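# Topology and contacts: notes
So you can see what is in the structure, the chains are spelled out below.
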Amino acid sequence: MAVYDLSNELRRAQFQKRARLLVENGRFVELKELTNRSLRQNSYLHLLLNYYALNFGYTLEYTKRHIFKIIVNPKIYIIERVNEQTGEIYKDLKSTAKATKAELITSIDRFKDHAAKGGLTLPDSDNVQYLREIRQSIEQHKQYL
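Residues numbered from 1 in each chain as written. Predicted model: local features only at pLDDT ≥ 70, side-chain atom pairs only at ≥ 80, totals over all residues. Heavy atoms only, no water.

### Quick notes on the pattern of salt bridges
Tallied over the entire structure, the rule returns six salt bridges. R65 is the salt-bridge partner of E61, the closest N and O atoms lying 3.8 Å from each other. A residue pair is termed a helical-turn pair when its members lie 3 or 4 positions apart in one helix, as E61 and R65 do in helix α3 (residues 60–72) at four residues. For R65, a relative accessible area of 40% gives the class partly exposed. Where D92 meets R81, a salt bridge forms, and the shortest distance between an N and an O atom there is 2.7 Å. Of this pair, D92 sits in strand β2 (residues 89–93) while R81 sits in strand β1 (residues 78–82), and the two are 11 residues apart along the sequence. (Salt bridge = Lys/Arg side-chain N within 4 Å of Asp/Glu carboxyl O. Helix = DSSP H or I, 4+ residues; strand = E, 2+ residues; numbered from the N terminus. Buried < 20%, exposed > 50% of the residue type's maximum accessible area, 1.4 Å probe, protein only.)

Quick look at the structure:
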């Protein structure tokens, strides 16, 4: 998924070109406005998830679904749904996109605590140097994720 900063003239032109192409090809698309908060929080969370996955030998998907949501934050992310055809109640995982800001803060803090128990210190969101190093490490080893 591409993210375009429409306040930037070049990125706006790239977005318009891409949007025209999608319209011309009759594609199904999802358009979602991202706030600075959600961009920052989601970017930070995904850096932590990727770094954890690299350090413990898991895939990003396994880390996010199983460790972050099921093991560390089940009360936030395990939800009950109802099958509309059968009435059956079943368990499902809530998307992080549906989490509130407070839920994300809580779940990230719990994840950092969980990582620390395993010997991995994850940085705070304001530790720019450490986050930069993590980003570089992920880029160098992304084939393992």
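Still more ground to cover, so stick around.
### Focus: the pairing of β1
Across five bridges, β1 lies against β2 in antiparallel orientation. For E80, the partnering residue across the bridge sits in β2 and is K91. Counting the residues between successive antiparallel strands, the hairpin from β1 to β2 contains six residues, one of them, G87, with a positive phi of roughly 80 degrees. (Pairing = 2+ DSSP bridges.)

### Brief notes about the nonpolar core
The biggest cluster of nonpolar side chains holds 22 residues, and the ones touching the most others in it are F111 and L122. Residue assignment for this core shows that the elements contributing at least two residues are α2 (36–56), α3, α4 (74–77), α5 (101–117) and α6 (128–141). With seven residues, α2 is the single largest residue contributor to this core. Ignoring anything within four residues of it in the chain, the contact list for L122 reads L48, Y51, F111, K112 and A115. (Core = buried A, V, L, I, M, F, W, Y, C linked by side-chain atoms within 4.5 Å. Contact = heavy atoms within 4.5 Å.)

### A short note on a nonpolar patch on the surface
A contiguous nonpolar patch, built from F56, Y58 and Y62 and spanning about 260 Å² of accessible area, is present on the exposed surface. For F56, the position within the fold is in helix α2. (Patch = residues over 30% accessible without salt bridge, like charges linked within 9 Å, V, L, I, M, F, W, Y side chains within 5 Å. Areas by Shrake-Rupley, 256 points an atom, 1.4 Å probe, with all protein chains shown as cover.)

No statement about biological role is implied by the geometric values presented.
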